[in-house]
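Below, each chain spelled out in residue letters.
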Amino acid sequence: MSGTVLRHPLVRNYLRALDAACTALPPGRARELRDQIAAHLDEALPAGPTDSEVRAELARLGTPRALAAEVAGPVPAKIGTRLLYRLARLRWRGWAAVATGAALAAAAAVFLSYLDDMKTTEPLRESGYETPWYPQDAAGGSVSSAGDLTQIAIAERYGQWQGFAIGIFNDSDRPQTVLGLAPAMTSSQDLAEMTASVANGLNEHDTPIGTAPDWGLPAVIPPHSGRMLRVVWITRLCAQPGEISPLTYLTLRVRVGLITRNEDVQLNPVWALLGSESSDHCASG
Amino acid sequence: MYCMGTEPGMTELRRGVLGPCVLALLDERPRFGLELVRELDAAGGLLTSDGTVYPLLSRLRDAGLVTSEWQDRPGQRARRYYFITGAGRDSLKAFRADWADFAATVGGVLFPAVGTSSSETGQPGKEETSR
């Protein structure tokens, strides 16, 4: 082959189009057709052909798609077979793209599995320790039980800070970071300015009263470990004297790995406020 | 517009006879691809496009009717030459026999014999129309 014909831009474009049209053919058959067509052009055209000469010869040859269809015959190969032929024809760039795609797909699968694992991580739970935070509440609290439920009730002190401390435990294999209370809890008007904090250095059974731990957030609860959680608020509950207003659960914002979610921590004993005469002004308001 | 030379039936007919025509050319002597294309082109009306000869040559080779090999003849460029095989000659012989009968049959239908009467064909014959 002289090579000058095959370097003509129109010839090169035609052969590229032929390659593209033959990707669904067996590689050997596609290569043979390309060789035959290249040899044909190389001999049929003069050296240094003009564009019009090349166009005329290419028009006589037929379109690359028609030639590929002629090789494929009346019954095209099945989709799976065509795919295999395409894969067999890939060069290193193609294989690199396939390998990259496969690696990305595998990474995505691992990542999704990881996310799913985090979503299904067992949430924090109360570890059973619960005590009023303020001494005046601890002195006046009453404990009652019904079935499996225990209730600690203290008299509300309208307009004053009240709260409790509980132990929370992380049963999962992942660290869980307490970020605070869920917005639904902090927006309560009855228990205004409700905030939560975790004691660093105290496990879930240490008595927080009388100690001076470092309370704060965010706080990491290591796997299979417990911490003390303090919840305080300003009571603005308009309960009738003797009326019980229970708080049965806390909703915490917790980060597990890459995700942040709400976790409901069931309280048992249930924390309850008992309406007192000091809230009488609600009726007049 | 109806065009006899390009309608699908003719394309299929060309496709059907092109193989035996290639075998007939190779039966004379081995030829290379472009040579076959040029001679079929020169015969007129056999090729829908020059490129179709090459897939056909591959099919004939797969069927064992032709073989091919590269030859570097003195004073010429290296070319792939095609040779007819024994099976190819048998196939060509059978086709030639069939074609003679087939062409006669088709010709008899397409070009009824002069002098056919209207009573035989149900169509006005030359004798009647000339009156």
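Per-chain numbering applies: the sequence of each chain, read as written, is numbered from 1 onward. Naming scheme: in the order in which they are written, chains are lettered from A and ligands are numbered from 1. In view of the model being predicted, local features appear only for residues whose pLDDT reaches at least 70, and side-chain atom pairs are presented and counted only at 80 or more, with totals across whole chains, interfaces and linings using the full set of residues. Water and hydrogen atoms were dropped before computing side-chain values, which therefore reflect all heavy atoms in the structure.

A. Up close: the nonpolar core. Tyr14(A), Leu33(A), Ile37(A), Leu41(A), Val22(B) and Leu40(B) are the most contacted members of the largest nonpolar core, which has 44 residues in total. Secondary structure elements with two or more residues in this core: α1 (9-21), α2 (27-44), α3 (51-61) and α4 (64-72) of chain A together with α1 (8-28), α2 (33-43), α3 (53-62) and β3 (79-84) of chain B. It only takes one pair of heavy atoms within 4.5 Å for two residues to be counted as in contact. Beyond its immediate chain neighbours, meaning those up to four positions away, Leu40(B) contacts Leu18(B), Cys21(B), Val22(B), Leu25(B), Leu46(B), Leu47(B) and Val53(B). In these notes, a set of buried Ala, Val, Leu, Ile, Met, Phe, Trp, Tyr and Cys residues joined through side-chain atoms within 4.5 Å is what counts as a nonpolar core. Accessible area is worked out with a 1.4 Å probe on protein chains only. A residue is then buried under 20% of its type maximum, exposed over 50%, and partly exposed in between. If you look at the next biggest cluster of nonpolar residues, it comprises 32 residues, including Ile154(A), Leu237(A), Ala239(A) and Leu250(A). Comment: elements are numbered from the N terminus, with helices defined as DSSP H or I runs of at least four residues and strands as E runs of at least two.

B. Focus on the sheet that holds strand β7 (residues 214-216) of chain A. Residues and elements named next belong to chain A. The five strands are arranged β1-β4-β9-β6-β7 in an open sheet whose pairing can be described as antiparallel. Of all strands in the sheet, those with a lone pairing partner are β1 (125-132) and β7, marking the two edges. When strand polarity is set aside, the average angle formed by the axes of neighbouring strands in this sheet is 30°. Pairing between two strands is assigned when DSSP locates at least 2 bridges connecting them. Both β1 and strand β4 (residues 161-170) contribute to a ladder of five bridges, which runs antiparallel. What sits directly across from glutamate 126, in β4, is isoleucine 168. A fitted line through C-alpha atoms serves as each axis, taken over the contacting stretch for helices, and the angle formed by two N-to-C directions is quoted from 0 to 180°.

C. Up close: the packing of aromatic side chains. Residue and element names in this part refer to chain B. The rule is short: rings of Phe, Tyr and Trp, with Trp giving its six-membered ring, pair when the centres are within 6.5 Å, and they are stacked under 30 degrees, edge-to-face over 60, tilted in between. All told, the structure shown has six aromatic pairs over all chains when counted by the stated rule. Ring geometry for phenylalanine 32 against tyrosine 81: centres 5.5 Å apart, planes inclined by 75°, an arrangement best described as edge-to-face. Pair noted here: phenylalanine 32 is in strand β1 (residues 31-32) and tyrosine 81 is in strand β3, with a separation of 49 residues, a long-range link. One exposure class covers both phenylalanine 32 and tyrosine 81, and it is buried. Taking 5.6 Å as the distance between ring centres and 40° as the angle between the ring planes, the aromatic pair formed by tryptophan 99 and phenylalanine 102 counts as tilted. With a gap of three residues between them, tryptophan 99 and phenylalanine 102 both fall in helix α4 (residues 86-110), about one helical turn apart.

D. Spatial organisation of the interface of chain A and chain B. Taken residue by residue, the interface counts 17 residues in chain A and 18 residues in chain B. Simply put, the buried area is the total loss of 1.4 Å probe accessible area from both parts when two parts are fitted together. For the pair chain A and chain B, the summed buried area comes to about 1,600 Å², and 46% of that belongs to carbon and sulfur atoms. Among the residues chain A hides against chain B, the three largest losses belong to Gln36(A), Glu43(A) and Glu70(A). Together they make up 39% of the total. A pair is scored as a salt bridge if a Lys or Arg side-chain nitrogen falls within 4 Å of a carboxyl oxygen belonging to Asp or Glu. Where chain A packs against chain B, one counts seven salt bridges. N or O atoms closer than or at 3.5 Å make up a polar contact, with two conditions inside protein: a donor-capable atom paired with an acceptor-capable one, and, for residues adjacent in sequence, both atoms drawn from side chains. Remark: the boundary between chain A and chain B carries twelve residue pairs in polar contact (both at pLDDT 80 or more). For the side of chain A that touches chain B, the elements supplying multiple residues, two or more each, are α2, α3 and α4 of chain A. Per-element accounting of the side of chain A that touches chain B gives the leading share, nine residues, to α2(A).

E. Representation of helix α6 (residues 92-119) of chain A. In this scheme, a helix's expected span is set at 1.5 Å multiplied by one less than its residue total. For α6(A), spanning 28 residues, the distance from its first C-alpha to its last is 40 Å, which sits close to the expected 40 Å at 1.5 Å a residue. The inward-facing, buried residues of α6(A) abut β10 (244-256) and β11 (259-274) of chain A.

F. Fine view of the sheet that holds β1(B). Residues and elements named next belong to chain B. Spatial strand order, β1-β3-β2: three strands in an open sheet with antiparallel pairing. If you trace the sheet from one side to the other, it starts and ends with β1 and β2 (66-71), each paired once. Here two bridges tie β1 to β3, and the two strands are oriented antiparallel to one another. Of the residues in β3, the one forming a bridge with arginine 31 is tyrosine 82.

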